[in-house]
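Here is what each chain is made of, one letter per residue.
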Amino acid sequence: MDELLNALADPARWRLVSLLAERPRSVGVLAQLAAARQPQTTKHLQTLERAGVVTSQRTGQRRIYALRSAPLRDLAGTLSRLADTADQADGSQATYDRYGRSLHTERLAAKESGWADGRSFTFHRSLTGRPELVWRYLTEIALLARWWTPDDLRISELVFEARAGGRIVQEYRDAEDSDGLDLVAGRAEGVVVDARPGERLAYRLSPQLPDGALAFTAHVDLILRPTGTGTDLNVHWRITDSTVDSAGFIAGIEIGFGQSLDKLAVNLAAHSHDTIGTDPAARSTK
């Protein structure tokens, strides 16, 4: 595939492929139609033949070249599958495009400091697991690190002291940056305001701009309520101290934190499934 792509990338060779798509032709005729010298045309055709996209045979004094359609159809199929993957309704490309539209809107609105103050976001998830388990996922470092970033990011530093006045640090990198050589994708610091296990967790968290200044302050309030099947989690975000440079952060709140909550739901469901699968008491109730 790489050899084929390299062969087709040259405009002169692409012109020859287009001419051969019409019908087989001799080297001399191809050179005339492409307005090129015959020796150079011959070299291009040999490159295309090594890539498997053309074939040739000698007829009398002439060498006739013809196009092989199968490699082109294979390439077209590969490109089509790539496009289908990118265009998935809930895929990463759709998320990227959605963020781009939100970013454009927020940048237009970010004219002066305080431009987004008072803006609020609400989230709701019905989660598997009792409030006591959900609380552990909200506050214990090892469990919190499993979900507290969007899909394309990973936690690189995490501090969460689950008590009033406790310190919070959240630093994250690209999920595929395994050796930590890429730039830090983001960092936020804050403080816990209220911590009532299994009931309510409230904190302030301020993302940092690249120069270390604060972008804005998020006031986050999480309320847990038991249900017959698990826990209802209601989250309220409120923005204060917004700066002109905070548009990129605020544009991603709804998408990014929504993805994080979806990861929380998946982790809790897996936790409950593993518990049922390994707990004899749970199995005996079936």
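So, how was this worked out
Residues numbered from 1 in each chain as written. Predicted model: local features only at pLDDT ≥ 70, side-chain atom pairs only at ≥ 80, totals over all residues. Heavy atoms only, no water. Patch = residues over 30% accessible without salt bridge, like charges linked within 9 Å, V, L, I, M, F, W, Y side chains within 5 Å. Areas by Shrake-Rupley, 256 points an atom, 1.4 Å probe, with all protein chains shown as cover. Salt bridge = Lys/Arg side-chain N within 4 Å of Asp/Glu carboxyl O. Lys, Arg positive; Asp, Glu negative; His and termini not counted. Charge placed at Lys NZ, Arg CZ, Asp CG, Glu CD. Helix = DSSP H or I, 4+ residues; strand = E, 2+ residues; numbered from the N terminus. Pairing = 2+ DSSP bridges. Contact = heavy atoms within 4.5 Å. Axes fitted to C-alpha atoms, helices over the stretch in contact; angles between N-to-C directions.

Looking at this structure, how should I read a negative patch on the surface?
A grouping of Asp-151, Asp-152, Asp-174, Glu-176, Asp-179 and Asp-182 is seen on the molecular surface, where their side chains present a negatively charged patch. By secondary structure assignment, the location of Asp-179 is in the loop between strand E6 (167–174) and strand E7 (186–196).

Can you help me understand the sheet that holds strand E1 (residues 25–26) in this one?
The strands making up a sheet associate through backbone hydrogen bonding, with each pair oriented either parallel or antiparallel. The antiparallel open sheet is built from 3 strands, whose spatial order is E1-E3-E2. Because the sheet does not close on itself, it has two edges, and the strands there are E1 and strand E2 (54–59). Packed on one face of the sheet, helix H4 (residues 38–50) meets E2 and strand E3 (62–67) and runs near 120° to E2.

Would you explain the pairing of E2 in this entry?
Remember that side chains alternate between the two faces of the sheet whenever the strand is regular. Two elements, E2 and E3, share 6 bridges in a ladder whose sense is antiparallel. Looking across to E3, one finds that Val-54 is bridged to Leu-67. As consecutive antiparallel partners, E2 and E3 are separated by 2 residues, and within that stretch Gly-60 has a phi angle of approximately 65°, a positive value.

Quick question: what am I supposed to make of the sheet that holds E7 here?
Strand order in this open sheet of 7 strands is E4-E10-E9-E8-E7-E6-E5, and the pairing throughout is antiparallel. Each edge of the open sheet is held by one strand with a lone partner, namely strand E4 (120–128) and strand E5 (153–160). Going from strand to strand, the sheet's axes swing by 20° on average, the running direction of each strand aside. As judged from the 6 bridges shared by strand E8 (residues 200–207) and strand E9 (residues 217–226), these two strands associate in the antiparallel manner. Across the sheet, Leu-201 pairs through a bridge with Leu-222, a residue of E9. Packing of helix H7 (residues 131–139) onto the sheet brings it into contact with E4, E5, E7, E8, E9 and strand E10 (230–240), and relative to E9 it is tilted by some 160°.

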